[in-house]
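Spelled out, the chains give:
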Amino acid sequence: MTFSLGWVVLWLVGRERAKAFNLSDCSIKNTIWTYSSMREEEFVLFCDLKKCNANANNTLSVQWYLQPPNGEPLRDLSKNYPHIVQKDTTLHFLTIGVNDSGLYICKPTTRTPQDKACCVNTVLEVKNKTNETCMNSVSHKQDLVIGKFGSIYCPCVSNQRDAKISKMTWYKDGYILTQTINPFSYDYENYDEHQGMYTCDHTQSDNATSWTVRAVVQVKTIVKDTRQKPNILNPIGDTLEVELGKPLTLNCTAVFGFQRDFKPVLKWYIIDSDQEVEEPTSKVRSDMSTKEFDRIECSVFLKEVTQSDLHKKFICFAQNSIGNVTRSIQLKAKKGVVFIYILLSTTMGLAGVFMTCAFLYIYWIEIVLLYRTYQNKDETVGDEKEFDAFISYAKWNPLESEASSSLSEEHLAVNLFPEVLENKYGYTLCLLERDVAPGGAYAEDIVNIIKKSRRGIFILSPNYINGPGIFELQAAANLALNDQAIKLILIKFCSFKEPVVVPHLVKKALKVLPAVTWRGSKSVPPNSRFWTQMRYHMPVKRSKNSHGTQLDVIPGALCRKKHSRADTTGRRSQPRECDTVLPPFLSLVGQKRIG
């Protein structure tokens, strides 16, 4: 070869240039290599430091330099060479051209005394590909089918004039392989790990000189070609409900089995008035890619669904070398959307009404009391009554135990009612034993007290129903028929059985009058439901004690007045101002109160 002398000169010049970079001590023990590569192909150079130092196997990285053939200064390849990638001891050319010819020098990045003078000079000559240099059609990209036996062929080997091919050296990803023949093949079936970058070196020579030819082959492991047509995953149904006037995106997704020599086809067609037109605005993208299949998606976008779109048929078309499949879809306007909205609104409205009614039912008393507080109304003004309520109860039986009497009806009437209704809420109560002076006629006093009261509170218990107190309830019911300002409140202190013989008016009162249930110790606290219900039935009035301040009870003049003329038996000699006609049953109870 005529270029041999030129490269020797270049090598000598490179050695002189290297002296300026303290590389003059490099012991070059290998023969100058001449590499012939084709333009616009991948290429690799190996830095084989073992040629100058047998202990250089542990070297992980090296530094590369380039001495151009035109005598320019030595260049550091770690800068300004985007098409050259350095990895460990390999120099990888992504694309190589004639301008990459030159002298390449590599040395260890970290140098030890043993490899201080160790470096490798490699002369690279890049030739343009011609029929003279390479006539075979072996590709630099080859495939191996997984599960089958296959071979890897070295490009540019055959049909080279005046060249004698010697043994071949194979590398995979920079590591030397044991096989030295062409083509290269494994002794067993191909697997996925056989994929990678293979490099083949062989020596060519003529009568004058010899050189090494290197070629790079990118090997990809693949599976067998599919024998199935594409499979359309989406759309699924034949129709799609849409809303008129709204944007819409139609997606067509199909799975294509692997095929080596065929590019998948996926597109949308639109049939309108028996005319089939390919949708040019559809976008195709790869959704997932593996060795076995590719999942591809094609989308068409409608800015606004119109009435005319409902008459069109949208067809998804997928094709490979085996055949094609289609999936058509028809747009359909949604019906009953307004009805659904109306039904939903009505349901929510009714649910709101029911919840409001339930809330009012549960908390009606609290709402009324709150309204009374802010209304600031007083219904007691001008009614000429002195008491807000008269309390009727059964007196404590001495035969009962003291423990049981702590929550007796007398304890409720004498202690709890004044403590809560009088002291906390400012109502005026009338208790017969407390507020009525002794010595008067019992029947007359009861009638007068009821007339002067706005409410009558009757604590019902077996003792009360079966005792003389039942006549107080009858008197109050009789008076309430003629005086609408008098309202009666029943308190169910404990369960009782209605007597066989009971006045008709009392029987009717027990059925129709409002009743509040006493629940023992649960009803004792002033904030319990019992006292809330009692306040609801009590008259509406403005009171300074409505927020808990103390209010002195002002007894009525009728009940507190002591008459000067009374006989020794306690019967009054003169009728009092509040005397009235007694109901017939009270004539039987015309006994006198004992002072």
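### A short note on the overall build of the chain
Working step 1: Looking only at helices and strands, the chain features 11 helices and 29 strands.
Working step 2: Residue burial in the chain is summarised as follows: out of 595 residues, 41% are buried.
Working step 3: Residue pairs in contact within the chain that sit at least 24 positions apart in sequence constitute 69% of those at least 6 positions apart.
Working step 4: If you sum the accessible surface of the chain, you get close to 34,100 Å²; carbon and sulfur atoms cover 53% of it.

### Description of the confidence of the model for the chain
One rule of thumb: low pLDDT means the predicted coordinates there are not for detailed reading.
Working step 1: On average, residues of the chain score 77 in pLDDT, and 76% of them reach the 70 mark or higher.
Working step 2: Within the model, pLDDT remains below 50 along residues 401-405, and this stretch shows three contacts once partners closer than five positions in the same chain are excluded.
Working step 3: Between residues 545-595, whose pLDDT stays under 50, and residues either more than four places distant or in other chains, the model counts 95 contacts.

### Topic: the packing of aromatic side chains
Working step 1: In total, this model carries 14 aromatic pairs according to the counting rule given.
Working step 2: Ring centres 5.0 Å apart and planes at 85° place the aromatic pair Phe184 and Tyr186 in the edge-to-face group. As far as the burial class goes, Phe184 and Tyr186 line up, both buried.
Working step 3: Geometrically, the ring pair formed by Phe184 and Tyr198 is tilted, given 6.1 Å between the ring centres and 45° between the ring planes.

### Section: the environment of Gln142
Working step 1: When you line up the elements, Gln142 lands in strand 9 (residues 141-145).
Working step 2: What makes Gln142 buried here is its relative accessible area of 11%.
Working step 3: On a C-alpha basis, the gap between Gln142 and Thr221 in space is 8.7 Å, while along the polypeptide they are 79 residues apart.
Working step 4: Residues within four places of Gln142 in sequence aside, it is in contact with Ser151, Ile152, Tyr153, Val217, Gln218, Val219 and Lys220.

### Brief notes about the sheet that holds strand 28 (residues 487-492)
One key point about sheets: their strands pair by backbone hydrogen bonds, in either a parallel or an antiparallel sense.
Working step 1: In spatial order, the strands read 26-25-27-28-29; together these five strands make up an open sheet with parallel pairing. With one partner strand each, in any of the chains shown, strand 26 (429-431) and strand 29 (515-517) form the two edges of the open sheet. Sheet twist, expressed as the mean angle between neighbouring strand axes with direction ignored, is 25°.
Working step 2: Across six bridges, strand 27 (residues 455-460) lies against strand 28 in parallel orientation.

### Remarks on unusual backbone geometry
Working step 1: That bond from Asn182 to Pro183 is cis: its omega, 5°, falls within 30 degrees of zero.
Working step 2: Structurally, the position occupied by Pro183 is in the loop between strand 12 (175-176) and strand 13 (184-185).
Working step 3: The residue after Asn234, namely Pro235, is reached through a cis peptide bond having omega 10°.
Working step 4: Within the element layout of this structure, Pro235 appears in the loop between strand 16 (231-234) and strand 17 (239-242).
Working step 5: Phi at Asp88 takes a positive value of approximately 55°, unusual for a residue other than glycine.
Working step 6: By the element assignment, Asp88 lies in the loop between strand 5 (84-87) and strand 6 (90-96).

### A word on the pairing of strand 6
Working step 1: Of all seven residues making up strand 6, five are buried, and the element is well covered by its neighbours.
Working step 2: In the sheet, strand 5 pairs with strand 6 via four bridges, with the strands oriented antiparallel. Each bridged residue has a counterpart across the sheet, and for Val85 the counterpart in strand 6 is His92.
Working step 3: Taking the residues that link successive antiparallel strands as the turn, the strand 5-strand 6 hairpin has two residues, and the phi of Asp88 there is positive, at about 55°.

### So, the state of the cysteines
Working step 1: One pass over the structure, following the stated rule, counts three disulfides.
Working step 2: Note that Cys47 is cross-linked by a disulfide to Cys106, the S-S spacing being 1.9 Å. Taking the sign of the S-S torsion, 85° for the link of Cys47 and Cys106, the bridge is right-handed. Linking Cys47 in the loop between strand 2 (41-46) and strand 3 (62-67) with Cys106 in strand 7 (residues 102-108), this pair joins segments that are 59 residues apart in sequence.
Working step 3: Overall, Cys106 belongs to the buried group, its relative accessible area being 0%.
Working step 4: Across a sulfur-sulfur distance of 1.4 Å, Cys252 and Cys316 are joined as a disulfide pair. On the criterion of sequence distance, the pair formed by Cys252 in strand 18 (residues 248-257) and Cys316 in strand 23 (residues 313-319) is long-range, its members being 64 residues apart.
Working step 5: Left unpaired, Cys298 is separated from the closest cysteine sulfur, that of Cys252, by 6.3 Å.

### Quick look at the environment of Ser453
Working step 1: Examined against the element boundaries, Ser453 turns out to sit in the loop between helix 6 (442-451) and strand 27.
Working step 2: A relative accessible area of 1% places Ser453 in the buried class.
Working step 3: Distance in space between the C-alpha atoms of Ser453 and Glu386 is 6.3 Å, their sequence separation being 67 residues.
Working step 4: Leave out the neighbours within four places in its chain, and Ser453 touches Lys385, Phe387, Ala389, Phe390 and Ile486.
Working step 5: For Ser453, the side chain forms a polar contact with the main-chain oxygen of Ile449, separated by 2.8 Å.

Conventions adopted
Residues numbered from 1 in each chain as written. Predicted model: local features only at pLDDT ≥ 70, side-chain atom pairs only at ≥ 80, totals over all residues. Heavy atoms only, no water. Helix = DSSP H or I, 4+ residues; strand = E, 2+ residues; numbered from the N terminus. Buried < 20%, exposed > 50% of the residue type's maximum accessible area, 1.4 Å probe, protein only. Contact = heavy atoms within 4.5 Å. Areas by Shrake-Rupley, 256 points an atom, 1.4 Å probe, with all protein chains shown as cover. pLDDT = per-residue confidence, 0-100. Phe/Tyr/Trp six-rings, centres within 6.5 Å; stacked < 30°, edge-to-face > 60°. Pairing = 2+ DSSP bridges. Axes fitted to C-alpha atoms, helices over the stretch in contact; angles between N-to-C directions. Disulfide = S-S within 2.5 Å. Polar contact = N/O pair within 3.5 Å; in protein donor to acceptor, adjacent residues only side chain to side chain.

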